[in-house]
2 protein chains.
Amino acid sequence: MSYQLTPIEELKKRVDNLQKKITELELDGVLLTNNVEIFYYSGSMQNSMMYIPAAGEPVLFVKKSVERAMKETLFSVEPMLSVKDLPQLIDNRGLTYRKVGIELDVLPYNQFQRIQRAFNGTDFSDISQVTRLQRSIKSNFEIEALRQSAEVVNEAILEVPKILKKGMKEFEFQAELERFVRLRGHLGYIRTRGYNMELVLGMVASGISAAVPTSFDGPAGGQGISPAMPQGAGWNEIKENEPILIDIAAAVNGYIVDQTRMAVIGDLDQELEHAYQTSLEIIKEIETSAKPGTTWSEHFETAKRLAKEAGLEEHFMGYKQNKVKFVGHGVGLELDELPILAKGLDRPLEAGMVIAIEPKFTFPNKGVIGIENTYVVTETGLELITIAPQEIIRLPK
Amino acid sequence: MSYQLTPIEELKKRVDNLQKKITELELDGVLLTNNVEIFYYSGSMQNSMMYIPAAGEPVLFVKKSVERAMKETLFSVEPMLSVKDLPQLIDNRGLTYRKVGIELDVLPYNQFQRIQRAFNGTDFSDISQVTRLQRSIKSNFEIEALRQSAEVVNEAILEVPKILKKGMKEFEFQAELERFVRLRGHLGYIRTRGYNMELVLGMVASGISAAVPTSFDGPAGGQGISPAMPQGAGWNEIKENEPILIDIAAAVNGYIVDQTRMAVIGDLDQELEHAYQTSLEIIKEIETSAKPGTTWSEHFETAKRLAKEAGLEEHFMGYKQNKVKFVGHGVGLELDELPILAKGLDRPLEAGMVIAIEPKFTFPNKGVIGIENTYVVTETGLELITIAPQEIIRLPK
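Please read these numbers as outputs of a predicted model, since none were measured by experiment.

## As for the overall build of chain A
Phase 1: Counting its regular elements, chain A contains ten helices and 17 strands.
Phase 2: For 397 residues, the compact-globule estimate of 2.2 N^0.38 gives 21 Å, and chain A sits close to it at 22 Å.
Phase 3: Taking as baseline every contact in chain A between residues at least 6 positions apart, the subset at least 24 positions apart corresponds to 66%.
Phase 4: When the accessible surface of chain A is summed, it comes to about 14100 Å², and 50% of that surface belongs to carbon and sulfur atoms.
Phase 5: Separation of charge centres in chain A, based on 44 positive and 55 negative side chains, amounts to 3 Å.

The following block contains the structure:
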């Protein structure tokens, strides 16, 4: 591992793809302001804005650091002191900006106002669904990056028998897992696109504590260590004979994979074992049936049907009113990418998409149990990239 | 330590203070959407929106989890399925919403559009400077919470001689520090208000790597481990006779303190020793002169003047074009709170403000050196809360 730049050919392809869309949409260009998308299209994550015209070379307008941006991107870099100067700087390049796409899903209102005042008269429209859909299709370079993160979460799971001890507090267990993945290149937290959505590593919790519902848009819960971080690992001591949820992501070079495995010190009861078997059956069924052209929603419906057939509908993806409405989500530079395997989303899967599929069951009096794998959608089906053994990690009492 | 709720009296006082402002501004109420401010005023950080009317009881409208919100706040909690329902739900409470304040500094444009469509005809205005100014004055409860975080970063510094080894990579050193503070209640990352601004723990870097400029709005730099995290600790191996920057924050129960200490394995040269002495002189001078009624800017000017007198102006707060324009910043639930000790900001310091002051010097061929402490502004001056010893940690070769 090392400080690894995005290959030039990769950046060119990404920009080319976006430029085709810009042309189709009859825009003059796209103005990127979000760090994740600036990184995706430029290879650099400096404090900057990026203008990608319908045709011709993109320009990265950089506040700080200009030197670093120049080392990291192949595109033109130009210093920018204030967004007020931006229209003139674009003008100087011979580029136009009457109709411009911009990421209105994440751009704060005041910042957009500042941009609109600077670009007096420009017609801005939301481009975020276009860039998000484009980013949902991963290149071979990106899939290799995802495999690096998958290897890190695999190694973390193999380490669990050495780390996990009865009587540990959940956050102590999580701190050891975090150190382990940080030493292997994890960036330190998991980027999300959603407003107010935050994740450090994942959801690590044990027994009924894991079933405590949270604000997070995911099936696993957790009390958390403070009302200021009310999710995931908390003060609960890990006990015997309860399901220990190890739902962790890692982001090496920015690329996130998401994986859940279960552990127990001692034994689980029949109901929990049945639920775990059901989660395996669900994930195997989706593994078999998912391929390009199948819809995002049909896999959610399959999962829901199998959960119902197993008598577990009430527990599926959260308990009763705290259910989430999906069984899988795209991952990449962000945790909450497209596609979303959810009811009513009838778009097709496409080759190159990367999905975390996570059938889980919540029992308020027992905990959360289930599995999660990250897969690449290939021309013929799903390829598993989270390679950790899928058996429950069973430790002696 | 434990899962610690905000006291009821504290929440009442915060809401009372905001209601006075709402009345002064002739608004009907404030609609909070941001997790940090919802937590500040309600005591709960669930997926919700909070309506604080000019008079009467605030209501927390909760998507997920309703049960947890009810346990964490003393105010009314009401389930909300969609923001579309919100005006009706507010109506049902007998509250009005013709003129409403909202946090337009952080609210994404699309989300604000959705709210505007739901509240057909409401006149929204930006309330963020009001809430940020209010949050800049900390209560005794908050100052005690900050002392807990200060104790954690103090203990981390005392641990450095045990952790730090020649030949360690910067990110390996940081991973051990992270584990240490996580085991003592740090939430896992440092919240910021700025768009695209991210921080896991702080800036931990050694020698010339620490002087590599970054996108981050701070004086310390760092190569980072990836262009997808281009700041702070990177792959550089920590060597003898170079300044090791340990700029770390911790957030216990959400409250952030920021502290910088220096270490060296061996010795530093005269120029670096001189710069460190100058950073101590600057911070002592501000400690002596800052009190309620002095302006934010005058402390920046003092720092700059002393840096110049010491012949170090070029190196002060970043090198040449990569300088930042402040010497201190408020801390609390966010790292980038008010006040900002910066040129041109002529507001007065007030008792109860909490400031991280960080005079630092950047030498592109040597590294970054300086100090940072967090202080409470009291009626008579500054009270130091980051109590770690201020001497450079000197380890034998």
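Further notes follow.
## Considering the relation of the copies chain A and chain B
Phase 1: In screw terms, the move from chain A to chain B is a rotation of 180° and a rise of 0.0 Å along the axis, fitting with an RMSD of 0.0 Å. Here the copies are linked by what is in effect a two-fold axis.
Phase 2: Most of the interface of chain A is mirrored in chain B: 99% of its interface residues are interface residues there too.

## Remarks on the UniProt feature "coiled-coil region" (unreviewed entry) in chain A
Phase 1: Taken from the UniProt record, the annotation "coiled-coil region" (unreviewed entry) applies to residues 8–35 of chain A.
Phase 2: A helix fraction of 64% and a strand fraction of 14% characterise residues 8–35 of chain A, whose end C-alpha atoms lie 19 Å from each other.

## Description of the interface of chain A and chain B
Phase 1: Taken together, the contact pairs 70 residues of chain A with 69 residues of chain B.
Phase 2: Between chain A and chain B the total buried area reaches about 6200 Å² when both faces are included, carbon and sulfur atoms providing 55% of it.
Phase 3: Broken down residue by residue, the surface that chain A buries against chain B is led by Lys64(A), Tyr195(A) and Pro227(A), which jointly contribute 13%.
Phase 4: The salt bridge partner of Glu178(B) is Arg182(A), with a shortest N-O separation of 2.6 Å.
Phase 5: Here chain A is connected to chain B by 42 residue pairs in polar contact (both at pLDDT 80 or more).
Phase 6: The element contributing the most residues to the side of chain A that touches chain B is helix α8 (residues 170–182) of chain A, with eight residues.

## What about the UniProt feature "domain: Peptidase M24" (unreviewed entry) in chain A?
Phase 1: The sites that UniProt annotates as "domain: Peptidase M24" (unreviewed entry) are residues 144–379 of chain A.
Phase 2: A distance of 17 Å separates the end C-alpha atoms of residues 144–379 of chain A, which is 28% helix and 22% strand.

## Quick notes on a positive patch on the surface
Phase 1: A contiguous patch of positive charge on the surface is contributed by Lys325(A), Lys63(B), Lys84(B), Arg114(B) and Arg117(B).
Phase 2: Locating Lys84(B) in the fold gives a position in the loop between β4 (76–79) and α4 (86–92).

## Comments concerning the environment of Lys84(A)
Phase 1: With relative accessibility at 68%, the residue Lys84(A) sits in the exposed group.
Phase 2: Placed 297 residues apart in sequence, Lys84(A) and Gly381(A) show a C-alpha to C-alpha distance of 49 Å.

## Concerning the packing of helix α2 (residues 35–42) of chain A against helix α6 (residues 128–136) of chain A
Helix packing for two helices is described by the angle between their axes and how far apart those axes are.
Residues and elements named next belong to chain A.
Phase 1: Across the interface, α2 lies against α6 with an axial gap of 12 Å and an inter-helix angle of 55°. As judged from the angle between their axes, α2 and α6 are oblique. As α2 packs across α6, the resulting crossing turns out to be left-handed. Residue-level contacts link Val36, Glu37, Tyr40 and Tyr41 of α2 to Thr131, Arg132, Gln134 and Arg135 of α6.
Phase 2: Residues of the contact of α2 with α6, tallied by class, amount to three nonpolar, two polar and three charged.

## With respect to the environment of Asn140(B)
Phase 1: Its place among the elements puts Asn140(B) in helix α7 (residues 140–163).
Phase 2: Put simply, Asn140(B) and Val153(B) are 13 residues apart on the chain and 20 Å apart in space, counted from C-alpha to C-alpha.

## Remarks on unusual backbone geometry
Residue and element names in this part refer to chain A.
Phase 1: Cis rather than trans, the peptide bond between Lys64 and Ser65 has omega equal to 0°.
Phase 2: The phi dihedral of Glu26 falls on the positive side, at around 55°, and the residue is not glycine.
Phase 3: On the secondary structure map, Glu26 appears in the loop between α1 (8–24) and β1 (29–32).

## Concerning the domain arrangement of chain A
Residues and elements named next belong to chain A.
Phase 1: What the domain assignment reports for chain A is domain 1 (8–135) and domain 2 (137–395).
Phase 2: Contact between domain 1 and domain 2 buries roughly 1400 Å² in total, counting both sides, with carbon and sulfur atoms accounting for 49%.
Phase 3: Ranking the residues of domain 1 by area buried against domain 2 places Arg132, Leu133 and Arg135 at the top, with a combined share of 44%.
Phase 4: Joining domain 1 to domain 2, the criterion identifies five salt bridges.
Phase 5: Linking Asp105 and Arg193 is a salt bridge whose minimum nitrogen-to-oxygen distance equals 2.5 Å.
Phase 6: Taken together, the links from domain 1 to domain 2 amount to eleven residue pairs in polar contact (both at pLDDT 80 or more).
Phase 7: Every element with two or more residues in the side of domain 1 that touches domain 2 is listed here: α1, α2 and α6.
Phase 8: For the side of domain 1 that touches domain 2, the element with the most residues is α6, which contributes six residues.

## What about the pattern of salt bridges?
A side chain of one charge can pair with a side chain of the opposite charge when the charged atoms of the two come close.
Residues and elements named next belong to chain B.
Phase 1: Overall, the coordinates contain 62 salt bridges over all chains when judged by the stated rule.
Phase 2: Between Arg394 and Glu273 there is a salt bridge whose closest N-O contact spans 2.8 Å. Placement of Arg394 in strand β17 (residues 393–395) and of Glu273 in helix α9 (residues 270–289) is noted, with a sequence separation of 121 residues between them.
Phase 3: Residue classification places Arg394 among the partly exposed positions, given a relative accessible area of 44%.

## Overview of the sheet that holds strand β7 (residues 202–206) of chain A
Residues and elements named next belong to chain A.
Phase 1: Here four strands make up an open sheet; going across it, the order is β7-β8-β9-β17 and the pairing mixed. The sheet terminates laterally at β7 and β17 (393–395), the two strands that pair on one side only. When the angles between neighbouring strand axes are averaged without regard to direction, this sheet yields 25°.
Phase 2: Judged from the three bridges that link them, strand β9 (residues 255–265) and β17 form a sheet pairing that is parallel. Within β17, the position partnered with Val264 by the bridge is Arg394.

## Thoughts on helix α9 (residues 270–289) of chain A
All names here are of chain A.
Phase 1: Counted at 1.5 Å a residue, the expected span for α9 with its 20 residues is 28 Å, and the 28 Å between its end C-alpha atoms agrees.
Phase 2: Of the positions making up α9, those classed as buried are Leu272, Glu273, Ala275, Tyr276, Thr278, Ser279, Leu280, Ile282, Ile283 and Ile286.
Phase 3: Its side-chain oxygen 3.1 Å from the backbone nitrogen of Glu271, Asp269 forms the N-cap of α9.

## Some details on the sheet that holds strand β10 (residues 326–330) of chain A
Residue and element names in this part refer to chain A.
Phase 1: In spatial order, the strands read β11-β10-β12-β15-β16; together these five strands make up an open sheet with antiparallel pairing. Both outer strands of the open sheet, β11 (337–342) and β16 (382–384), are each paired with one neighbouring strand and no more. Geometrically, the sheet is characterised by an average inter-axis angle of 30° between neighbouring strands, direction not taken into account.
Phase 2: Two elements, strand β15 (residues 373–377) and β16, share three bridges in a ladder whose sense is antiparallel. Counted as the bridge partner of Val377 is Leu382 from β16.

Cut-offs applied
- Residues numbered from 1 in each chain as written.
- Chains lettered and ligands numbered in written order.
- Predicted model: local features only at pLDDT ≥ 70, side-chain atom pairs only at ≥ 80, totals over all residues.
- Heavy atoms only, no water.
- Helix = DSSP H or I, 4+ residues; strand = E, 2+ residues; numbered from the N terminus.
- Rg over C-alpha atoms; globule rule 2.2 N^0.38 Å.
- Contact = heavy atoms within 4.5 Å.
- Areas by Shrake-Rupley, 256 points an atom, 1.4 Å probe, with all protein chains shown as cover.
- Lys, Arg positive; Asp, Glu negative; His and termini not counted.
- Charge placed at Lys NZ, Arg CZ, Asp CG, Glu CD.
- Least-squares fit on C-alpha atoms with pLDDT ≥ 70 in both.
- UniProt positions renumbered as here; feature names shortened; annotations may be inferred.
- Buried area = accessible area lost by both parts, 1.4 Å probe.
- Salt bridge = Lys/Arg side-chain N within 4 Å of Asp/Glu carboxyl O.
- Polar contact = N/O pair within 3.5 Å; in protein donor to acceptor, adjacent residues only side chain to side chain.
- Patch = residues over 30% accessible without salt bridge, like charges linked within 9 Å, V, L, I, M, F, W, Y side chains within 5 Å.
- Buried < 20%, exposed > 50% of the residue type's maximum accessible area, 1.4 Å probe, protein only.
- Axes fitted to C-alpha atoms, helices over the stretch in contact; angles between N-to-C directions.
- Parallel < 35°, antiparallel > 145°, perpendicular 65-115°, else oblique.
- Left-handed = near helix turned anticlockwise from the far one by under 90°.
- Nonpolar A, V, L, I, M, F, W, Y, C, P; charged D, E, K, R; others polar.
- Domains from an automatic or database assignment.
- Pairing = 2+ DSSP bridges.
- Expected span 1.5 Å × (residues − 1).

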